[in-house]
Amino acid sequence: QVQLVESGGGSVQAGESLTLSCVAAEYSGYTYRDYCMGWFRQVPGKERENVAAVASDGVIRYRDSVKGRFAISKDNYHLYPQMNSLKPEDTAMYYCAAESYRGSCPIQPARFMDFWGEGTQVTVS
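An account of the accompanying structure is given in this report. (Residues numbered from 1 in each chain as written. Predicted model: local features only at pLDDT ≥ 70, side-chain atom pairs only at ≥ 80, totals over all residues. Heavy atoms only, no water.)

Examining the overall build of the protein chain
Scanning the protein chain from terminus to terminus reveals zero helices and twelve strands. Along the chain direction, N to C, the helices and strands of the protein chain fall in the order β-β-β-β-β-β-β-β-β-β-β-β. Relative to a compact globule of 125 residues, whose C-alpha radius of gyration would be 14 Å, the protein chain shows 14 Å and is just as compact. If one aligns the C-alpha atoms of the protein chain with their principal axes, the spans along those axes are about 45 × 25 × 20 Å. Here the protein chain holds 125 residues, and the buried ones make up 38% of them. Across the protein chain, the fraction of contacts at a sequence separation of at least 24, relative to all contacts at a separation of at least 6, is 63%. Looking at the protein chain as shown, the accessible area adds up to about 6,500 Å², and 47% of this sits on carbon and sulfur atoms. Between the averaged position of the 12 positive side-chain charges in the protein chain and that of its 14 negative side-chain charges there is a distance of 5 Å. (Helix = DSSP H or I, 4+ residues; strand = E, 2+ residues; numbered from the N terminus. Rg over C-alpha atoms; globule rule 2.2 N^0.38 Å. Buried < 20%, exposed > 50% of the residue type's maximum accessible area, 1.4 Å probe, protein only. Contact = heavy atoms within 4.5 Å. Areas by Shrake-Rupley, 256 points an atom, 1.4 Å probe, with all protein chains shown as cover. Lys, Arg positive; Asp, Glu negative; His and termini not counted. Charge placed at Lys NZ, Arg CZ, Asp CG, Glu CD.)

Below is the structure:
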């Protein structure tokens, strides 16, 4: 299993950028190679949606609505989403997540993820 800790959220104006961070702490019997990692976001009353998925080999997939604006850097257990050209509709609670799966990591529903961080709020005005 893993423990996930997010940080880097805040309030910005439209067009500005933020960089989030997710640190994944491994526990006995598991390595980062055993997981798909990803970022999700959710607003009140809406379904939690996957905005990016990261495989252990570094392959990254993005939700269509953030392609060209969000970019993730990966350093072993650390994920750093660079969020550029932010829009008001990007306002949400952002979560780092992990799935106990070794292989390709598609954009997928939140119900398939096994571990979650507590979230970090991003507000764009």
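Let's talk about the side chain of Arg69
Considering the arrangement of structural elements, one finds Arg69 in the loop between strand E7 (60-62) and strand E8 (70-75). Residue Arg69 is classed as buried on the basis of its relative accessible area of 9%.

So, the state of the cysteines
Applying the stated criterion to the full structure yields two disulfides. A sulfur-sulfur separation of 1.9 Å characterises the disulfide bridge that pairs Cys22 with Cys96. Taking the torsion about the sulfur-sulfur bond, which here is approximately -75 degrees, the covalent link between Cys22 and Cys96 counts as left-handed. You can see Cys22 sitting in strand E4 (residues 21-26) and its partner Cys96 sitting in strand E10 (residues 92-99), a full 74 residues away along the chain. The class for Cys22 is buried, based on a relative accessible area of 0%. For Cys96, a relative accessible area of 0% translates into the label buried. Residue pairing for Cys36: its cysteine sulfur links by disulfide to Cys105, the two sulfurs lying 1.9 Å apart. Residues Cys36 and Cys105 share a disulfide whose torsion about the S-S bond is about -85 degrees; that sign makes it left-handed. (Disulfide = S-S within 2.5 Å.)

Here's the deal with the packing of aromatic side chains
Per the counting criterion, the structure on display carries three aromatic pairs. Ring centres of Tyr35 and Phe115 lie 6.0 Å apart, and the angle between their planes is 75 degrees; on these two criteria the pair is classed as edge-to-face. Placement of the pair is Tyr35 in the loop between E4 and strand E5 (36-42) and Phe115 in strand E11 (residues 115-116), with a sequence separation of 80 residues. We classify Tyr35 as buried; its relative accessible area is 2%. Centre to centre, the rings of Tyr95 and Trp116 are 6.1 Å apart; their planes meet at 90 degrees, and the pair counts as edge-to-face. Linking Tyr95 in strand E10 with Trp116 in strand E11, this pair joins segments that are 21 residues apart in sequence. Judged by relative accessible area, which is 13%, Tyr95 ranks as buried. (Phe/Tyr/Trp six-rings, centres within 6.5 Å; stacked < 30°, edge-to-face > 60°.)

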